[in-house]
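Coordinates in review
For reference, the chains in residue letters:
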Amino acid sequence: MFNKKNFKTKQSKNLKIRLTDFSKWNNLADSAREINDTRECFNFIISRGELEAGYGFKKLSLPKSQTDLTDYDVDVTATEVLGLWMAPMYEHQSAIDKYYVFFLNQNKQMYYFNIFGDPKLMIPETSMVFDELPFAAQFRINGYDTMLFSSPSDQTIGLSFAGVITYDNIPKFLSGCWHGTYFFLVTTGDKNQLVYSTETIANWNDNNKFDVDLPDIRGGLKFVISFHDDLYIFRDYGIIKLSLYGDSEKKFDIQNIYYSSSYIYPSSIAKNGDYIIFATQDGIYTFDGANVNKVDLPFEDKFISTRNSSITTASFQNKYFLACRIDFGDEEQVGIESGTYENNAVIIYDIETKEKSIMRGIDVRQFCVVNTPQFQKLCAIFRGEKKAIIGELTKDGAFFGSQLKKVWHSPWTDFGYADSLKKIKAVTLKPHTECQILIETEDGESVCVSSQDVEKSQRILVGLVSKSFKISFISQSQKAISCPEFDVMVV
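Right, let's walk through the structure included here. (Residues numbered from 1 in each chain as written. Predicted model: local features only at pLDDT ≥ 70, side-chain atom pairs only at ≥ 80, totals over all residues. Heavy atoms only, no water.)

**Things to note about the overall build of the protein**
- Helix and strand counts for the protein come out as one helix and 45 strands.
- By its C-alpha atoms, the protein is 120 × 50 × 35 Å across when sized along the principal axes.
- Across the 491 residues in the protein, those meeting the buried criterion constitute 53%.
- Taking the intrachain contacts of the protein between residues at least 6 apart in sequence as the baseline, contacts between residues at least 24 apart amount to 54%. (Helix = DSSP H or I, 4+ residues; strand = E, 2+ residues; numbered from the N terminus. Buried < 20%, exposed > 50% of the residue type's maximum accessible area, 1.4 Å probe, protein only. Contact = heavy atoms within 4.5 Å.)

Here it is in structure tokens:
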């Protein structure tokens, strides 16, 4: 005779984990347990809650004329483009505004072309050959809009409708801008100074300078920018505010308003709406004329690098673009990372929405915003294979036709059941989802499954057991990834 007993059996629980939002960057994503957090994502845009193809570049195309907006591809007269600038210029003879792009070729010779002019007319200036990459600033001299170019080893040269003129009385400069009725320059040299002039070049002399305390723990002067009603001068480790009171009396007030504990990269400074944005060895900062605030970068520890000497920046469509070097700390070799490079990433920061994204695998040498009444484009020149091409920004995730590798990593997640084993049975993807999904366990096991660009949903078997998992989406497609669903059994 047997005693009848009721034994309790362990009940498993089936979960449907649907990843409906990829848009949450999290500085503590490694310790957070929410699957939609990330601090490791590149070449995707995640602002709309799905993984979209990120930014890219293609060959620059421009309209044939102001009335015929049919585009043509721009092929420059160079085997390597070393510098790129754009400036509007008023031509008195025709009484119209013209828009010019200037570029420096492999021999450091200046060329230029009219954006709305003959697409094949790349005009060389044989008298404008530089020893090193020059700095540029636009000024009006004797009624002519003039592009000034100068470097520590090159005299200041101006190019305008009056021709090419070497200005012996204009000092070599690092940075320049208009403010009020004055044109300000930060000069080169160990004791760089802030000097100014009016439209009459004869007024440019040694007396036209502002006394800024040097030497100083904040370092030398490097960059000048007009912002709101004041002039701001960036030093190696600080910001100076210069306020003018009356154009004729030349009264002014100088204040040291910010000290930085980290070096400020002068080539990172850009004006964006109501802010100036700049980068230091400690991260990215916004400045509203009074307050300096640090931008929350989820990948900040990867950005800090003493090798960021080739930083370049641009402000475009209310976004801050910073080409820099990021030490991603993984075994990936994306794009140019398989060879030598200076920059390998572009950080994109939206000043209004605070959204961030990263391009990885391209080496941007210099940005240039082309801005006309008809169109605006963000252009760039590059190192490496595309060094002879001027590119323009796209949102197709491709670099001159080749899709960049796109990666998004989740944190380690336990799906809300920390002490239980879980089995990921399968993942279901929407139609037209083309990617790989890498699922890793805390024990070192992993499974990589692939989806195809097909018309119907795909359910892909996984069969991996662990207490916690890390999930990665990897793509080299322009197709978006949205709302994947994981079948999980808690055992």
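**Thoughts on the state of the cysteines**
- The tally for this structure, following the rule as stated, stands at zero disulfides.
- With no disulfide of its own, Cys 368 lies closest to Cys 379 among cysteine sulfurs, the gap being 5.9 Å.
- Judged by its relative accessible area of 7%, Cys 368 falls in the buried class. (Disulfide = S-S within 2.5 Å.)

**Focus: the nonpolar core**
- Counting 52 residues, the largest nonpolar core has Ile 284, Trp 408, Ile 437, Ile 439, Phe 473 and Phe 486 as its most contacted members.
- Considering each element in turn, this core owes the most residues, four residues, to strand 44 (residues 469–475).
- Each residue touching Phe 486, except ones within four places of it in the same chain, is listed here: Leu 15, Lys 16, Ile 17, Ile 424, Ala 426, Val 427, Ile 439, Ile 471 and Phe 473.
- Within the second largest apolar cluster, 23 residues are counted, among which are Leu 84, Tyr 111, Cys 379 and Ile 381. (Core = buried A, V, L, I, M, F, W, Y, C linked by side-chain atoms within 4.5 Å.)

**Overview of the packing of aromatic side chains**
- Scanning the entire structure with this criterion turns up 35 aromatic pairs.
- With 5.9 Å between their ring centres and 65 degrees between their planes, Phe 102 and Phe 149 make a pair best called edge-to-face. With Phe 102 in strand 11 (residues 96–104) and Phe 149 in strand 15 (residues 144–151), this residue pair connects regions lying 47 residues apart in the sequence. One exposure class covers both Phe 102 and Phe 149, and it is buried.
- Ring pairing ties together the aromatic residues Trp 85, Tyr 100, Phe 102, Tyr 112, Phe 130, Phe 149 and Phe 161, which thus form one cluster.
- Sitting over the ring of Phe 42, Arg 360 keeps its end group 4.6 Å from the ring centre. (Phe/Tyr/Trp six-rings, centres within 6.5 Å; stacked < 30°, edge-to-face > 60°. Lys NZ or Arg CZ within 6 Å of the ring centre and 35° of its normal.)

**Structural notes on the sheet that holds strand 27 (residues 275–280)**
- In space, the four strands of this open sheet follow the order 26-27-28-29, with antiparallel pairing throughout. Looking at which strands have only one partner, the edges of the open sheet turn out to be strand 26 (270–272) and strand 29 (292–294). Each strand of the sheet is rotated relative to its neighbour by a mean of 30 degrees, with strand direction disregarded.
- The pairing of strand 27 with strand 28 (residues 283–287) spans five bridges and is classified as antiparallel. Looking across to strand 28, one finds that Ala 279 is bridged to Ile 284. (Pairing = 2+ DSSP bridges. Axes fitted to C-alpha atoms, helices over the stretch in contact; angles between N-to-C directions.)

**Digging into the sheet that holds strand 1 (residues 13–18)**
- Strand order in this open sheet of four strands is 1-45-40-43, and the pairing throughout is antiparallel. Looking at strand neighbours, the two that pair on one side only are strand 1 and strand 43 (458–466), the edges of this open sheet. Across this sheet, the average inter-strand angle for adjacent strands is 20 degrees, counted without regard to direction.
- Bridge analysis of strand 40 (residues 422–429) against strand 45 (residues 485–490) gives six bridges, and the strand direction is antiparallel. Looking at strand 45, one finds that Lys 422 is bridged to Val 490.

**Brief notes about the pairing of strand 14 (residues 135–141)**
- The pairing of strand 14 with strand 15 spans seven bridges and is classified as antiparallel. Each residue of the ladder has a partner; that of Phe 139, found in strand 15, is Thr 146.
- Where strand 14 folds back onto strand 15 in an antiparallel hairpin, the turn is made up of two residues, including Asn 142, whose phi is positive at roughly 50 degrees.

**Thoughts on the environment of Phe 173**
- With respect to the secondary-structure elements, Phe 173 resides in strand 18 (residues 173–179).
- A residue is classified by how much of its surface remains accessible, and Phe 173, at 0% relative accessible area, is buried.
- When neighbours within four sequence positions are excluded, Phe 173 is seen to be in contact with Phe 135, Ala 136, Ala 137, Leu 148, Phe 149, Ser 150, Thr 156, Leu 185, Val 186, Thr 187 and Thr 188.

**Quick word on unusual backbone geometry**
- Backbone geometry at His 228 places phi at a positive 55 degrees, although glycine is not the residue there.
- Inspection of the secondary structure assignment puts His 228 in the loop between strand 22 (221–227) and strand 23 (230–235).
- Among the residues examined, His 228 registers a relative accessible area of 51% and is labelled exposed.
- Notably, Lys 354 is not glycine yet its phi reads approximately 70 degrees, a positive angle.
- On the secondary structure map, Lys 354 appears in the loop between strand 32 (345–350) and strand 33 (356–360).

**Observations concerning the pattern of salt bridges**
- In total, this model carries 17 salt bridges according to the counting rule given.
- When the shortest N-O distance is used, the salt bridge between Lys 98 and Glu 91 registers 3.0 Å. For the pair Lys 98 and Glu 91, one class covers both residues: buried.
- For the salt bridge of Asp 230 with Lys 241, the shortest nitrogen-to-oxygen distance reads 3.7 Å. You can see Asp 230 sitting in strand 23 and its partner Lys 241 sitting in strand 24 (residues 238–245), a full 11 residues away along the chain.
- On the basis of relative accessible area, Asp 230 is assigned to the buried category, the value being 14%.
- The structure contains a network of salt bridges with shared partners spanning Lys 16, Arg 459 and Asp 487. (Salt bridge = Lys/Arg side-chain N within 4 Å of Asp/Glu carboxyl O.)

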